[in-house]
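# Coordinate inspection notes
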Amino acid sequence: MATKRMIIESTEEALGLLGEQDVLLRQMEAEYGVELALRQDTRTNELILTIRGSSSHVDRAMKGLRQRIHDLRQPPATPSHKPHSVRKSLPRTTPSGDSGITGLPDDAIIRTAFGKVIRPRSKNQESYVQAVTDKDLVFGIGPAGTGKTFLAVACALRALHLGKVNRIILSRPVVEAGEKLGFLPGDLLEKVDPYLKPLYDAFYSMLGPQRFRSWRSDEIIEIVPLAYMRGRTFEDAFILLDEAQNTTPEQMKMFLTRMGAGSRVVVTGDITQTDLAEPITSGLIRIIDVLKDVEGVAFCKLTEEDVVRHPLVRKIITAYERWEKAK
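Owing to the predicted nature of the structure, the values given are computational and were not obtained by experimental measurement.

## Details of the side chain of Glu13
- Here Glu13 lies in helix H1 (residues 11-18).
- When its relative accessible area of 9% is taken as the criterion, Glu13 is described as buried.
- Residues within four places of Glu13 in sequence aside, it is in contact with Ile7, Ile8, Ile69, Leu72 and Arg73.

Shown next as structure tokens:
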């Protein structure tokens, strides 16, 4: 048996999707051979539709439901309608109304649970966000503080809100533990929590801690250490691999081949800060050469000019580069 979940953005959308007194829900259960159940999270008030059944039936139901939701969210066509860029033409809808993409400026990605608008702040960041919108596989490469991970998280949440994916997969290589997580105390999440705190920080700032914990509990957001990815395939997911400079070439190949139908992948890293022991080659450095001519793959490079942390961070990065060149 397989189980997948979708976020329904409003009671009106739930009514349009499932019908009055769940008439359409029962029709879809019979059509797809699955069980459908709608519930409201008591903590976040979000509506979550659960689909259970055999893997093939659940996948077919997910595709049908996504198409129905897409049709429901389309604005009425008008004679004056003209196509815009991908980012500008996305529908402005949001779960629960307190976090998402309702009424955003055209250059923004999402609005956080705290009302802050997230947008790229430099031309390189704009190109990076557009690549994540347009491509199924994007590499964001740059030094600390350039927003490569933060913006990827924002794009992942946007894709989730818009129904383009139904879950988010987070992964990081656990270099300090040698990926031998079985020797660490606690369950899986307790083992990897210290290594994923930077990703958590980004989600906390956009969703708020309570909603993040709720989505993680419902597996809308799933934490998968790189060592545990072998043998899995992730469909209809936004998959984010952070700190990829600490992957080996074998790990990078294994990770990229986990990508299933309907998924998109963003890989972030800083090739100047690898923690791998000599003489191991970084998988991120090698993949730049391996995939440089592959269509559908984008490499986005960010520099110290894109640093959006404390002003001193940019100066520190520049000073290190100057010192290394002199050395």
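## Concerning the nonpolar core
- Leu157, Ile168, Phe203, Ile221 and Phe238 are the most contacted members of the largest nonpolar core, which has 39 residues in total.
- Elements represented by at least two residues in this core include exactly helix H4 (123-134), helix H5 (148-161), strand S7 (167-171), helix H6 (188-207), helix H7 (209-217), strand S8 (221-223), strand S9 (237-241) and strand S11 (297-301).
- When residues in this core are grouped by element, the largest group, 9 residues, is from H5.
- Excluding residues that lie within four positions of it along the chain, Ile168 makes contacts with Ala156, Leu157, Leu160, Phe203, Ile220, Ile221, Glu222 and Phe238.

## What to know about the pairing of strand S2 (residues 35-40)
- Two elements, S2 and strand S3 (residues 47-53), share 6 bridges in a ladder whose sense is antiparallel. Counterpart to Leu38 in the pairing with S3 is Leu49.
- Where S2 folds back onto S3 in an antiparallel hairpin, the turn is made up of 6 residues, including Asn45, whose phi is positive at roughly 65°.

## Re the sheet that holds S3
- If you trace the 3 strands from one edge of the open sheet to the other, you get S1-S3-S2, paired in antiparallel fashion. Of all strands in the sheet, those bounded by a partner on one side alone are strand S1 (2-8) and S2. Recorded for the sheet is a direction-independent mean angle of 20° between the axes of neighbouring strands.

## Some words on unusual backbone geometry
- With phi around 60°, Glu219 is a residue other than glycine that occupies positive phi space.
- Within the secondary structure, Glu219 is located in the loop between H7 and S8.
- Overall, Glu219 belongs to the partly exposed group, its relative accessible area being 46%.
- In this structure, Asp236 takes a positive phi of about 50° despite not being glycine.

## Remarks on the packing of aromatic side chains
- Scanning the entire structure with this criterion turns up 5 aromatic pairs.
- When the centroid spacing of 5.2 Å and the interplanar angle of 55° are considered together, the rings of Tyr200 and Phe212 count as tilted. With Tyr200 in helix H6 and Phe212 in helix H7, this residue pair connects regions lying 12 residues apart in the sequence. As far as the burial class goes, Tyr200 and Phe212 line up, both buried.

## Comments concerning the pairing of S7
- Burial of S7 is extensive: 5 of the 5 residues sit out of reach of the surface.
- By the alternation rule, side chains of S7 split into Arg167, Ile169 and Ser171 and Ile168 and Leu170, which are all buried.
- Here S7 runs beside S9; their pairing, made up of 5 bridges, is parallel. By the bridge assignment, Arg167 is partnered in S9 with Ala237.
- Pairing geometry for S7 and S8, over 3 bridges, is parallel. Each residue of the ladder has a partner; that of Leu170, found in S8, is Ile223.

## Remarks on the packing of H1 against helix H3 (residues 55-73)
- Across the interface, H1 lies against H3 with an axial gap of 10 Å and an inter-helix angle of 125°. The pairing of H1 with H3 is recorded here as oblique in orientation. Read as a crossing pair, H1 and H3 show a hand that is right-handed. Residues Glu13, Gly16 and Leu17 of H1 lie in contact with H3, whose contacting residues are Leu65, Arg68, Ile69, Leu72 and Arg73.
- The residue inventory of the contact of H1 with H3, partitioned by class, reads 4 nonpolar, 1 polar and 3 charged.

About the cut-offs
Residues numbered from 1 in each chain as written. Predicted model: local features only at pLDDT ≥ 70, side-chain atom pairs only at ≥ 80, totals over all residues. Heavy atoms only, no water. Helix = DSSP H or I, 4+ residues; strand = E, 2+ residues; numbered from the N terminus. Buried < 20%, exposed > 50% of the residue type's maximum accessible area, 1.4 Å probe, protein only. Contact = heavy atoms within 4.5 Å. Core = buried A, V, L, I, M, F, W, Y, C linked by side-chain atoms within 4.5 Å. Pairing = 2+ DSSP bridges. Axes fitted to C-alpha atoms, helices over the stretch in contact; angles between N-to-C directions. Phe/Tyr/Trp six-rings, centres within 6.5 Å; stacked < 30°, edge-to-face > 60°. Parallel < 35°, antiparallel > 145°, perpendicular 65-115°, else oblique. Left-handed = near helix turned anticlockwise from the far one by under 90°. Nonpolar A, V, L, I, M, F, W, Y, C, P; charged D, E, K, R; others polar.

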